[in-house]
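Close look at the chain arrangement
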Amino acid sequence: MDQVEVFKALSNKTRLQILNWLKTPAESFPDQQNADFENVGVCVGQIQMKAGLSQSTISEYLSILQRADLVSATRVGQWTYYKRNKEGVEKLSKIINSEL
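Criteria and cut-off values
- Per chain, residue numbering runs from 1 following the sequence as it is written.
- Whole-chain, interface and lining totals are the exception, using all residues; otherwise, since this is a predicted model, local features are given only for residues with pLDDT of at least 70 and side-chain atom pairs are given and counted only at 80 or more.
- For the side-chain quantities, the full set of heavy atoms in the structure was used; hydrogens and water were omitted.
- Helix and strand assignments follow DSSP, with helices taken as H or I runs no shorter than four residues and strands as E runs no shorter than two, numbered in order from the N terminus.
- What makes two residues a contact is simply this: any of their non-hydrogen atoms within 4.5 Å.
- Two rings belonging to Phe, Tyr or Trp (six-membered ring only in the last case) form a pair when the distance between their centres is within 6.5 Å. Interplanar angles under 30 degrees mark stacking, angles over 60 mark edge-to-face geometry, and anything in between is tilted.
- Remark: exposure states derive from per-residue accessible area (1.4 Å probe, protein chains only) relative to the maximum for the residue type, with buried under 20%, exposed over 50%, and partly exposed in between.
- Charges are assigned to positions over rings by a cutoff of 6 Å between ring centre and Lys NZ or Arg CZ, combined with an angular limit of 35 degrees from the ring normal.

The name given to the protein chain in an unreviewed UniProt entry is Transcriptional regulator, with the source organism recorded as Pedobacter frigidisoli.

Concerning the side chain of Thr14
One can find Thr14 in helix α2 (residues 13–23). Residues within four places of Thr14 in sequence aside, it is in contact with Ala51, Leu53 and Tyr61.

Points about the packing of aromatic side chains
Here the structure, examined in full by the defined rule, presents 1 aromatic pair. Ring geometry for Trp21 and Phe29: centres 6.1 Å apart, planes at 85 degrees, overall edge-to-face. According to the relative accessible area criterion, Phe29 is buried, its value standing at 6%. Taking NZ or CZ as reference, Arg15 lies 5.0 Å from the ring centre of Tyr61, over its face. One Lys or Arg, Lys50, reaches over the ring of Phe29 and ends 5.9 Å from the middle of that ring.

Structure below.
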């Protein structure tokens, strides 16, 4: 885990909101067809609608979070779904507790 990349990813308010929403997706998003929140994640379109930003901006934000190992992506047909990467978030917690 590249600490600089992780903290860069967390330096944006919307990216922090996305991580927070993905922590409790059933509470943060309406039900979705074709995929459940726990196993597959949340469709990019739902994240985009909630954030109120363009699809390209949300895709870039999610890509940054994925490179930082904080979210994981799953493709189902033409759709991409994202969920929090629990292991990545736990690594971040350990870094904060042990090194900062």
